[in-house]
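In case you want the letters, here they are:
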Amino acid sequence: MIQFILRRLLQVIPVFLGTTLLVYFMVFALPGDPIRALFGDRPPSEAVIAQLRQQYNLDEPFWVQYGLFLKNLFTFNLGVDFTGQPIADTLARVFPVTAMLAIEALIIQGVFGIAFGLVAGLRKGGIFDSSVLVLSLVVIAIPTFVLGFALQLLIGVQLGWAKPTVGSNVTWGSLILPAVVLGMVSFAYVLRLTRASVIENMNADYVRTATAKGLARRQVVTTHVLRNSLIPVITYLGASLGALMGGAIVTEAIFNVPGVGQKLYQAILRSEGPTVVAIVSVLVLVFVLANLLVDLLYAWLDPRIRYEN
Amino acid sequence: MATSDVTIHETGTTADRPLLEIRDLAISFTTGSGEVQAVRNAHLTIMPGETVAIVGESGSGKSTTALAAIGLLPGNGRVAGGQILLDGEDISHASEKRMIELRGNIIGMVPQDPMSNLNPVWKIGDQVKETLKANGRPSGPDDVAKVLAQAGLPDAARRAKQYPHEFSGGMRQRALIAIGLSCQPRLLIADEPTSALDVTVQRQILDHLEKMTSELGTSVLLITHDLGLAAERADKVVVMYRGNVVEAGPSLELLQNPQHPYTQRLVASAPSLASRRIQVAKEHGVASNELLVPGEGVAAKPVMTEDVLQIQNLSKVFKLRAGFGKSTDFTAVDDVSFNVKRGTTTAIVGESGSGKSTVAQMVLNLLEPTSGKIIFDGVDTSALKPKEIFAFRRRVQPIFQDPYGSLDPMYNIYRTIEEPLRVHKIGDKASREKKVRELLDQVSLPQSTMQRYPNELSGGQRQRVAIARALALDPEVIICDEAVSALDVLVQAQVLNLLAELQSRLGLTYLFITHDLAVVRQIADHVCVMEKGKLVETGSTDEVFEAPQKDYTKALLNAIPGARLMLPPEVA
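Everything numeric here is computed off the predicted structure, so don't read it as measured data. (Residues numbered from 1 in each chain as written. Chains lettered and ligands numbered in written order. Predicted model: local features only at pLDDT ≥ 70, side-chain atom pairs only at ≥ 80, totals over all residues. Heavy atoms only, no water.)

Describing the overall build of chain A
Then, in step 1: Secondary structure summary: chain A contains twelve helices and zero strands in total.
Then, in step 2: Ordering the α and β elements of chain A from the N terminus gives α-α-α-α-α-α-α-α-α-α-α-α.
Then, in step 3: Along the three orthogonal principal directions, the C-alpha set of chain A runs to about 85 × 60 × 30 Å.
Then, in step 4: Counting across all 309 residues of chain A, residues that qualify as buried make up 43%.
Then, in step 5: In chain A, once contacts between residues fewer than 6 apart in sequence are set aside, the share between residues at least 24 apart is 76%.
Then, in step 6: Element-wise, carbon and sulfur atoms account for 69% of the exposed surface of chain A, whose accessible area totals about 15800 Å².
Then, in step 7: If the 21 positive side-chain charges of chain A are averaged to one point and the 16 negative ones to another, these points end up 13 Å apart. (Helix = DSSP H or I, 4+ residues; strand = E, 2+ residues; numbered from the N terminus. Buried < 20%, exposed > 50% of the residue type's maximum accessible area, 1.4 Å probe, protein only. Contact = heavy atoms within 4.5 Å. Areas by Shrake-Rupley, 256 points an atom, 1.4 Å probe, with all protein chains shown as cover. Lys, Arg positive; Asp, Glu negative; His and termini not counted. Charge placed at Lys NZ, Arg CZ, Asp CG, Glu CD.)

Printed below as a string of structure tokens:
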């Protein structure tokens, strides 16, 4: 087991190098000069530009730039961005915010999605099941930004139950509304997946055998249906973590959350290679670790899956 | 019931009162197209300590009747009429609470398929423990181990900590028997408890089940499709056909003197009871039971001596991964040699894991032998070039076990049968269609079948389609890998008859892979018995069946359900 974890962690290295290289290249290949873009209408002297270029290694060829970036990375010197702020500080500021948002969204989609899906699956064909199915379809069909603006207007502005925007003072409470919007689509998928899985397992032979043993229905559902039904759901939840981080760009923009999404968007607009790559690198790490966790959870839920040497 | 003298009578002689009595039971299912009656007027009686078997083909309502007795009808099924009396109490409409009290404690169940009836994510011990716990019995690790040990599971304390996937099929079935009997129920419902297992394992399990239930004084309701098995194990047999009980009575009596036409057909075509090879009917349209003529057997066939297939010292070694690039060798087939004469049927028998299917795959050239030769019509098949392999495939065709899995659900029957012709570029569109029509005629399917899809056909019909597809290229050799194992007995008899008829008409050679010795008896001229990759015995079918040389073959023959039952020749 430990060997499996170690091997998976070692796999992070090529994944990490590959993604950073790719992202670095894409930023490098963006048309336009990032330094000139910084100054807008009043171009600075050529000397200033040359000095800035040298400071950010922009006059070096691509491989040298990438090599310098890696060297800095492994010496924990992420450098500064175009506004002069250390990139490490920026990361330390934005990641906790997005992490809070993602965790809230994950709880909403996980807990509520599984609970609703379980009830709907057990009462297949009933009123609850039918209405939940229709509603989840509606949620899946509406784009996040429409849902975001609609809830912002309804709950934030008209009903006044929550602050319409988050701003710089981020608290768990203030993130609930954005988290609902962020987790909504995945919530609908988790619900449907759980429901389908529960229905399938309710018809499984071993569930009938469990009933034949004389177990009460509640016991049959909790020990025999739920655990087996969670296996595909957990896989989906792990994969959706990446979508949560990525989807945060839109949600953070709507609710003015000072998180990763917002920062990444700004950095891309400014062609700020080092910042973009730094943020993406952390996202890659999160994604890889989340998937490792899913694999471990998977083995715990399903003993037929054992990671051998 | 209200009068006092009746009460006195009942309490005085409980042994005289049936433990389970089913009266005029009707069960219906609500489907998309309305109510469907699955069981009508079913009646049966089980006395305490008695074993009663319900026999019937799939869809006869036998399992439905048994499930109703333990209140486990599927959601769309309901008891539409009649009574299920358990020790005098009508439980046909009992509350769920009452049923939970009864299940496990009073009525136990051993389900059909050991592979799917244990929850894969819980340890065996946990699954026994929860049964004990739910029925208010001591459920410590020792109690769990005791229950498992009683069901014949060796090293029970350690095995209780394992998961179902670490158990063989037979072991799982023992665990399920342990669960079913753990609370010493008065009635045990055993729904095809061994149909998924090898014959020798089947015999051990049934012997053990019989011993346990007779020790505990448990009544058993045995559900089976195998008349031989039912007659051997049960005191009474109830025959169900299309939802009706058509006949019931003491086992031997019913077997020797079947009254109902369906029972007569069942007795006649039960493979475990048939004792002679199928002789090909001279005329068409003869009912299947008339085809089972006792007598001459193989001798009646024209004797062919040319060996179309020669298997020489064939071996197959698989590498099993054992971590860190290491591997251990697993010898699936070990130095096997035999010849197959043209126009005859050779059967390879053995249990799962004996290597018989691996041999078939190598003969089909789907798997490369590790060593040894397969000589087909004088040519070593391992030396064939791709183009020659293509031509070889035309002459050697397979029919596989699962008629559900081996036909493409997206192809209609015409396309399925026509595909090999198209692939081998034989004829034009019109002549191919003509050929497909001929093939359907040959396998006795109506030509309207062409436009239908596999899911619209029954298992027997699908296997006929698979045979038609195999015949499309006019092959010389057909490899049947458990080709009739998934079929009900009557359908099985029909398909075996069809195969025999095609053989005599087209001069086909069959290599028949099966675990079922009863089937071998009906179809094969020669038998090869395999055990753990080795060929342990070969000979003509009559030699092997009448004078088996090896202990393993004897054990296999002994394990055929009903083998020990003696029937008057006019029945068999």
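Quick look at the sheet that holds strand β2 (residues 34-46) of chain B
Residues and elements named next belong to chain B.
Then, in step 1: Ordered in space as β2-β1-β4-β5, the four strands form an open sheet in which the pairing is antiparallel. If you trace the sheet from one side to the other, it starts and ends with β2 and β5 (89-90), each paired once.
Then, in step 2: As paired elements, strand β1 (residues 20-31) and β2 share nine bridges and run antiparallel to each other. Opposite L25, over in β2, you have A42 as the bridge partner.
Then, in step 3: Sitting on the sheet, helix α2 (residues 62-69) is in contact with β1, β2 and β4 (77-86), with an inclination near 110° to β1. (Pairing = 2+ DSSP bridges. Axes fitted to C-alpha atoms, helices over the stretch in contact; angles between N-to-C directions.)

A look at the environment of D428 of chain B
Then, in step 1: Within the secondary structure layout, D428 of chain B lies in the loop between α15 (413-423) and α16 (429-442).
Then, in step 2: A residue is classified by how much of its surface remains accessible, and D428 of chain B, at 47% relative accessible area, is partly exposed.

Remarks on the pairing of strand β10 (residues 244-250) of chain B
Residue and element names in this part refer to chain B.
Then, in step 1: Here strand β9 (residues 236-241) pairs with β10 via six bridges, running antiparallel. Looking across to β10, one finds that Y241 is bridged to N244.
Then, in step 2: Where β9 folds back onto β10 in an antiparallel hairpin, the turn is made up of two residues, including R242, whose phi is positive at roughly 45°.

Things to note about the interface of chain A and chain B
Then, in step 1: Chain A puts 23 residues into the contact, and the matching count from chain B is 27 residues.
Then, in step 2: Summing both partners gives a buried area of about 2300 Å² for chain A against chain B, and 58% of it is carried by carbon and sulfur.
Then, in step 3: When residues of chain A are sorted by the area they lose upon contact with chain B, R208, A212 and K213 of chain A head the list and together hold 27% of the total.
Then, in step 4: Across the contact surface, chain A and chain B share one salt bridge.
Then, in step 5: As a salt-bridge pair, K213 of chain A and E130 of chain B come within 2.7 Å of each other at their nearest N and O atoms. (Buried area = accessible area lost by both parts, 1.4 Å probe. Salt bridge = Lys/Arg side-chain N within 4 Å of Asp/Glu carboxyl O.)

Examining the sheet that holds strand β20 (residues 534-540) of chain B
Residues and elements named next belong to chain B.
Then, in step 1: Strand order in this open sheet of six strands is β16-β17-β18-β13-β19-β20, and the pairing throughout is mixed. On the outer flanks of this sheet lie β16 (396-399) and β20, each paired with one strand and no other. Within this sheet the neighbouring strands show an average axis-to-axis angle of 15°, counted without direction.
Then, in step 2: Inspection of the sheet shows strand β19 (residues 526-531) paired to β20 by six bridges, in the antiparallel sense. Within β20, the residue paired with C528 across the bridge is T538.

A look at the domain arrangement of chain A
Then, in step 1: Per the domain assignment, the segments making up chain A are domain 1 (35-77) and domain 2 (91-301).
Then, in step 2: For domain 1 of chain A versus domain 2 of chain A, the distance between C-alpha centres works out to 39 Å. (Domains from an automatic or database assignment.)

Observations concerning the domain arrangement of chain B
Residue and element names in this part refer to chain B.
Then, in step 1: Once the domains are mapped, chain B shows domain 1 (1-95 + 219-270), domain 2 (284-377 + 477-561) and domain 3 (405-475).
Then, in step 2: Counting residues at the interface gives twelve residues for domain 1, matched by eight residues for domain 2.
Then, in step 3: Contact between domain 1 and domain 2 buries roughly 1000 Å² in total, counting both sides, with carbon and sulfur atoms accounting for 62%.
Then, in step 4: Together, R265, A268 and S269 form the three largest contributors to the area buried by domain 1 at its contact with domain 2, with a combined 42%.
Then, in step 5: Remark: the boundary between domain 1 and domain 2 carries zero salt bridges.
Then, in step 6: Between the two partners, domain 1 and domain 2, sit zero residue pairs in polar contact (both at pLDDT 80 or more). (Polar contact = N/O pair within 3.5 Å; in protein donor to acceptor, adjacent residues only side chain to side chain.)

Topic: empty space enclosed by the protein
Residue and element names in this part refer to chain B.
Then, in step 1: Counted by the stated rule, this structure contains five cavities of 30 Å³ or more.
Then, in step 2: Each pocket or cavity is described by its volume, and for the largest cavity that value is around 100 Å³.
Then, in step 3: Along its surface, the largest cavity is lined by T51, L206, L209, E210, T213, V220, L222 and R233.
Then, in step 4: Secondary structure elements with two or more residues in the lining of the largest cavity: α8 (199-216) and β8 (219-224).
Then, in step 5: Looking at the lining of the largest cavity, its residues break down into four nonpolar, two polar and two charged. (1 Å grid on protein atoms, 1.4 Å probe; cavity = no way out; pocket = protein on both sides within 12 Å on 5 of 7 lines; lining within 4 Å. Points joined across faces, edges and corners; volume = space filled by probe spheres on them. Nonpolar A, V, L, I, M, F, W, Y, C, P; charged D, E, K, R; others polar.)

As for the packing of aromatic side chains
Then, in step 1: Under the defined criterion, the tally for this structure stands at six aromatic pairs over all chains.
Then, in step 2: An angle of 70° between the planes, with centres 6.4 Å apart, marks the rings of F112 of chain A and F116 of chain A as edge-to-face. Of this pair, F112 of chain A and F116 of chain A both sit in helix α5 (residues 87-122), four residues apart, which is roughly one turn of that helix.
Then, in step 3: By relative accessible area, F112 of chain A is classed as partly exposed at 43%.
Then, in step 4: Aromatic pair Y189 of chain A and Y236 of chain A: ring centres 6.1 Å apart, planes at 55°, arrangement tilted. Of this pair, Y189 of chain A sits in helix α8 (residues 176-202) while Y236 of chain A sits in helix α10 (residues 217-254), and the two are 47 residues apart along the sequence.
Then, in step 5: Given a relative accessible area of 38%, Y189 of chain A falls into the partly exposed group.
Then, in step 6: Members of the aromatic cluster, joined through ring pairs, are F112, F116, F128 and F187 of chain A.
Then, in step 7: Its guanidinium or amino end placed over the ring of W122 of chain B, R227 of chain A lies 4.5 Å from that ring's centre, counting from NZ or CZ.
Then, in step 8: For the cation-ring pair, R415 of chain B lies above Y411 of chain B, with the distance from its terminal atom to the ring centre recorded as 3.7 Å. (Phe/Tyr/Trp six-rings, centres within 6.5 Å; stacked < 30°, edge-to-face > 60°. Lys NZ or Arg CZ within 6 Å of the ring centre and 35° of its normal.)

Here's the deal with the pairing of strand β13 (residues 345-349) of chain B
Successive residues of a regular strand alternate their side chains across the two faces of the sheet.
Residues and elements named next belong to chain B.
Then, in step 1: Extensive coverage of β13 is indicated by the burial of five of its five residues.
Then, in step 2: Alternating positions in β13 separate into two faces, T345, A347 and V349 on one and T346 and I348 on the other, with burial throughout.
Then, in step 3: Note: β13 against strand β18 (residues 509-514), five bridges, orientation parallel. Each bridged residue has a counterpart across the sheet, and for T346 the counterpart in β18 is L511.
Then, in step 4: Pairing of β13 with β19, which is carried by four bridges, proceeds in the parallel orientation. Considered in β19, the bridge of I348 is made with C528.

A short note on helix α7 (residues 144-158) of chain A
In an α-helix, one turn spans 3.6 residues, which is why side chains three or four residues apart end up on the same side.
Residue and element names in this part refer to chain A.
Then, in step 1: With 15 residues, α7 should cover 21 Å at 1.5 Å per step; its first-to-last C-alpha distance of 20 Å lies within 8% of that length.
Then, in step 2: Along α7, the helix axis deviates most sharply at Q152, where the bend reaches about 25°.
Then, in step 3: Regarding α7, the residues found buried are L147, G148, L151, Q152, I155 and G156.
Then, in step 4: Backbone geometry just downstream of α7 places G160 in the positive-phi region, at approximately 70°. (Expected span 1.5 Å × (residues − 1). Bend = angle between axes of the 7 residues up to and from the residue.)

Remarks on the nonpolar core
All names here are of chain B.
Then, in step 1: Membership of the largest hydrophobic core comes to 53 residues, with the highest contact counts inside it found for I399, I417, I467, I478, L499 and F512.
Then, in step 2: Of the residues forming this core, the biggest block, six residues, is contributed by helix α17 (residues 459-471).
Then, in step 3: Looking at this core, you find at least three residues from each of domain 2 (284-377 + 477-561) and domain 3 (405-475).
Then, in step 4: The contact partners of I478, leaving out residues within four places of it in the chain, are Q397, I399, A470, L471, L508, T509, Y510 and L511.
Then, in step 5: By size, the runner-up hydrophobic cluster in this structure holds 47 residues, among which are I124, A151, A178 and L229. (Core = buried A, V, L, I, M, F, W, Y, C linked by side-chain atoms within 4.5 Å.)

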